[in-house]
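So the chains spell out like this:
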Amino acid sequence: MQGICVPILCVCICVTVLLRSAISQPRSESDTYTECTDGYHWDPQTEHCKDINECETIPDACKGEMKCFNHYGGYLCLPRSASLIPAPEPPITPAEPLNPCPLGYEPQGNSCVDIDECERHEHDCQPSQECINSVGAFTCQCPDGYRKVGTECVDIDECRYRYCQHRCVNVPGSFSCQCEPGFQLAGNNRSCIDVNECEMGAPCSQRCYNTYGTFLCRCDQGYELGPDGFECKDIDECSYSSYLCQYQCVNEPGKFSCVCPEGYRLLGTRMCQDINECETGEHECTETQNCVNIHGRYQCVDKNSCQEPYIQVSDNRCVCPVNNPACRELPFSIVHRYMSITSERSVPSDIFQIQATSVSARAYNTFRIRSGDENGDFYIRQINNISAMLVLARAVSGPREYTLDLEMVSINPLVNYQNNYQTSSALRLSIYVGPYTF
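What you see is a predicted model; the values in this text were computed from it and never measured. (Residues numbered from 1 in each chain as written. Predicted model: local features only at pLDDT ≥ 70, side-chain atom pairs only at ≥ 80, totals over all residues. Heavy atoms only, no water.)

1. Let's talk about the overall build of the chain
In terms of helices and strands, the chain carries 2 helices and 36 strands. In the form shown here, the chain has an accessible surface area of approximately 27,900 Å², with 50% of it arising from carbon and sulfur atoms. (Helix = DSSP H or I, 4+ residues; strand = E, 2+ residues; numbered from the N terminus. Areas by Shrake-Rupley, 256 points an atom, 1.4 Å probe, with all protein chains shown as cover.)

2. As for the UniProt feature "domain: EGF-like" (unreviewed entry) in the chain
When the UniProt feature table is mapped onto this chain numbering, "domain: EGF-like" (unreviewed entry) sits at residues 114-154, 155-193 and 234-273. Across residues 155-193, the secondary structure splits into 0% helix and 41% strand, with the terminal C-alpha atoms separated by 29 Å. (UniProt positions renumbered as here; feature names shortened; annotations may be inferred.)

3. Describing the nonpolar core
Formed by 21 residues in total, the largest nonpolar core has its most connected members in Ile-351, Phe-352, Leu-390, Leu-406 and Ile-431. Sorting the residues of this core by element identifies strand 30 (333-341), strand 31 (349-355), strand 33 (378-382), strand 34 (387-392), strand 35 (400-411) and strand 36 (422-433) as the ones contributing at least two each. Beyond its immediate chain neighbours, meaning those up to four positions away, Phe-352 contacts Arg-337, Met-339, Ala-388, Met-389, Leu-390, Leu-406, Leu-427 and Leu-429. (Core = buried A, V, L, I, M, F, W, Y, C linked by side-chain atoms within 4.5 Å. Buried < 20%, exposed > 50% of the residue type's maximum accessible area, 1.4 Å probe, protein only. Contact = heavy atoms within 4.5 Å.)

4. Side note on the packing of aromatic side chains
Applying the stated criterion across every chain, the model contains 10 aromatic pairs. Aromatic pair Tyr-247 and Tyr-436: ring centres 5.2 Å apart, planes at 75 degrees, arrangement edge-to-face. Of the two residues, Tyr-247 sits in the loop between strand 21 (232-234) and strand 22 (248-252) while Tyr-436 sits in the segment after strand 36, which places them 189 residues apart along the sequence. Judged by its relative accessible area of 34%, Tyr-247 is partly exposed. A residue is classified by how much of its surface remains accessible, and Tyr-436, at 24% relative accessible area, is partly exposed. (Phe/Tyr/Trp six-rings, centres within 6.5 Å; stacked < 30°, edge-to-face > 60°.)

5. Some points on the sheet that holds strand 34
Sheets are built from strands paired through backbone hydrogen bonds, the pairs being either parallel or antiparallel. The sheet built from 3 strands is open, its strands ordered 31-34-33 with antiparallel pairing. The sheet is open, and its two edges are formed by strand 31 and strand 33, each paired on a single side. Going from strand to strand, the sheet's axes swing by 30 degrees on average, the running direction of each strand aside. Inspection of the sheet shows strand 31 paired to strand 34 by 6 bridges, in the antiparallel sense. Bridged to Ser-349 within strand 34 is Leu-392. (Pairing = 2+ DSSP bridges. Axes fitted to C-alpha atoms, helices over the stretch in contact; angles between N-to-C directions.)

6. Considering the sheet that holds strand 29 (residues 317-319)
The strand order across the open sheet formed by 6 strands is 28-29-30-36-35-32, and the pairing between neighbours is mixed. Two strands in the sheet have a free side with no partner beyond their single neighbour: strand 28 (311-314) and strand 32 (364-371). Neighbour-to-neighbour, the strand axes of the sheet open up by a mean angle of 30 degrees, direction not taken into account. Bridge count between strand 32 and strand 35: 7 bridges; the pairing is antiparallel. Following the sheet pairing, Phe-367 is matched in strand 35 by Met-408.

7. Quick notes on the side chain of Glu-277
Turning to its location among the elements, Glu-277 is positioned in helix 2 (residues 277-280). At 8.8 Å, Arg-297 is the nearest oppositely charged side chain to Glu-277, a buried residue that forms no salt bridge. Excluding its chain neighbours within four sequence positions, the residues that come into contact with Glu-277 are Gly-263, Glu-282, His-283, Asn-293, Gly-296, Arg-297 and Tyr-298. (Lys, Arg positive; Asp, Glu negative; His and termini not counted. Salt bridge = Lys/Arg side-chain N within 4 Å of Asp/Glu carboxyl O.)

Spelled out as structure tokens, the structure:
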């Protein structure tokens, strides 16, 4: 640029003129190396282009009262009163050596070789980019997971392309796939495969069943699944019903069992059966006693159970001699029998049948309870002339024992016994009521 001051009306006007070219130009790449731009000519001594002074070479360069002022690459026509303050001439810098090779190459001997801009750090790649040299040039490459937008590297959102089967998490320069609970990444790190939790320590306390994406806990028979879905708790079957066992239900881990009271044994899984200690030999009766089995236990009775004035004539049978005055008001004979019934038996209930063993012709027989039924728990129902049925009239609870004298009274006008046409015989029935309903 050239500064020019023009005094007009005592005012100095500074005019800035843009020069068309540099002050000094290096040689061009033409074959002669002597071509210069307009306003310059080639100086073979300095081998540079020099400014032409048009004010000297052009006759009457400025007309009228205008004065010609030369400047680099051209000239100015200004009033004669104007004065020109020339700018200092810049130093002449030595010209760079001419590179006859194409861009990106440099001469080496008689040939041109590629310049490795990456190695020389003569590139404009960003710090995050990798400079890759190519023939005659170079490229700036973004790291994996980035794409180049202008001169910058921008993260690629791989999740937009649905690379993952379940969930995709984008991270700078990469991405990762995640699976829903119950699944795990396959070998390709994108697909999700089911996890067999049962083989990986699922918290099931008993049984584990793998399903797609999850698992189920199940319990063995006799257990139920707790609120957490993992733990199995014992089912107290005994608390559900009082009819599971005939006597008593005992809860056990995963099951229940039925037990019977002493004197009984389990029949099947829930019923109780009386143990006949007299048959199994599990009794302590002596040789002078008979073992009588009753519900839940046994009873030892004397083999000779006759009491005065009766005398024993056979097993369980006693007679009162006719010549004994004490026998006048007593039954002629007493037969001893024993039986056992359960508690709370439904009533009325036939429990024992009385049968005459010998009957006289034209005899008329009646049956009655002679003694032992003070509370009226029993009654006699006569079936015919020679038999009758003992009936339980009211439900009774044990353990309890009754001793009933069941009498058969016979009236026979053809037979005179101790000046009496009436005779009787008794059956002394010992009834043992068991403590249970079975």
